[in-house]
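What follows is the residue order along each chain.
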Amino acid sequence: MQFVVAQSPEKLDVLAKLNEARRNNGLPPLAWSPLLDKAAQRHSEDMADKGFVDETGSDGSSPRQRIEATGYAAWSRQRVWAESLYAGQGTFDEALAFFLSDDGQRRVVLSPKLREVGIGIAKDALRTYWTLTFGAQPNLLPIFINDDAPVTNERQVAVILTQEEAVPDGDANAIGRVIEVRLSDQPDFAGAQWQPWERLIPFTLSPRRGRQTIYVEMRDDAGRTTIASDSIEYDPNARDAIRPVAPGEAIASPEPAEATPPAPTPAIVTATPATADPNSAVAVVVTLAPEATGTAPPAATVPPPQPTPAAVVVVIQPTSTSTPPPDAIAGTPITIVLTPTPDGAVRQFGAFEVNALPMEWIVPAYLIAQAGVIGLGLYALLRRR
């Protein structure tokens, strides 16, 4: 069963961004685990308190030891977990961009074997320390209503199911790959019929308003079963409710999303913490067990220099009714060049404007010239007569 436990807005934001990255790569969301969260928070606070970034805690604890200390369940022959670390002065967007741009960490964040996550966040005077502790435990296959939306204004919803990818054959009494399921809004599944497992299954909520829970019982080919549940608030007057996903509709792009390079590019610390630049960002990753627990960090890269802003040219094209300056040629466009400099933008004008009469003389001079033209015209007309 999934349990609703109060989480900080910052952790909810991190979880939402992690799941968005997974959806964009065709993967189901991650469920929040209070046990994994306890292990992750412990390590983030340890790193912030002692000023280091490493998979090994200040007390010598490994990620496995911290996870097992919480009572997180494991199969008899293996454990499926992973941990990614990041410390920097930016937001989690910077950390996530780095996780998705590094091959080893990307495999962790986008692993189909992992189903749950805990999020540790702690801060010192210089950095924020993020610990993402991932895992999968036997007989726990999370479900998500409307892509884990908190509220819906429609009774028709879509239930996203997860599959046993970590240990497909199961283990003793632990379920393996699911072949059939049944859904109900009652925990005893009264009247519910078995149907083939699908990633997306439609379900109609009862007409009553308020929080409603959907239960899903899953069964593998050996007859082993497990139950998962999720809840959603039904409010027909709710606004901005997340649209339900229709059965068979793609919920994610099949093309892997390109990761946005972090800004600034974090420097990877492989020496002791004392050698680290206190103003740099650092990151550490632990790969999935039982694979090798660690990857060689990529070499640090220097952010490219910012391009110098180019001059902006604004051309003002006079119309037939516009009045040109006295010494300008009629119809000649006025060009203004805006050139950014260290002291600010400098405006440079055309030569005709620099040499022109003072602004207050332009109108009188124009009127005098027009009077002269009219006088000459009258004189020429009188002479012809």
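The structure we're discussing is the one just above.
Because the structure is predicted, anything quoted here is derived from the model rather than measured.

Next up on the list: the overall build of the chain. Within the chain, the secondary structure is distributed over 7 helices and 16 strands. The 385 residues of the chain split such that 40% are buried. Here the analysis covers contacts within the chain between residues at least 6 apart in sequence; of these, 67% occur between residues at least 24 apart. For the chain, the computed accessible surface area is about 21100 Å², with 56% contributed by carbon and sulfur atoms.

To continue, consider unusual backbone geometry. Phi is mostly negative for residues that are not glycine, and the peptide bonds are mostly trans. For D148, which is not glycine, the phi dihedral falls at a positive 70°. Within the element layout of this structure, D148 appears in the loop between β5 (143-145) and β6 (151-152). Overall, the relative accessible area of 37% leaves D148 in the partly exposed class. Located in the positive-phi region is F189, a residue other than glycine, with phi close to 55°. Considering the arrangement of structural elements, one finds F189 in the loop between β8 (178-184) and β9 (195-196).

So, about the sheet that holds β6. One open sheet accounts for 5 strands, arranged β6-β12-β11-β8-β9; its pairing is mixed. Two strands bound the open sheet, and with one partner strand each, they are β6 and β9. Both β6 and strand β12 (residues 225-234) contribute to a ladder of 2 bridges, which runs parallel. In the sheet register, V151 faces β12, and the bridge partner there is E233.

The rules behind the values
Residues numbered from 1 in each chain as written. Predicted model: local features only at pLDDT ≥ 70, side-chain atom pairs only at ≥ 80, totals over all residues. Heavy atoms only, no water. Helix = DSSP H or I, 4+ residues; strand = E, 2+ residues; numbered from the N terminus. Buried < 20%, exposed > 50% of the residue type's maximum accessible area, 1.4 Å probe, protein only. Contact = heavy atoms within 4.5 Å. Areas by Shrake-Rupley, 256 points an atom, 1.4 Å probe, with all protein chains shown as cover. Pairing = 2+ DSSP bridges.

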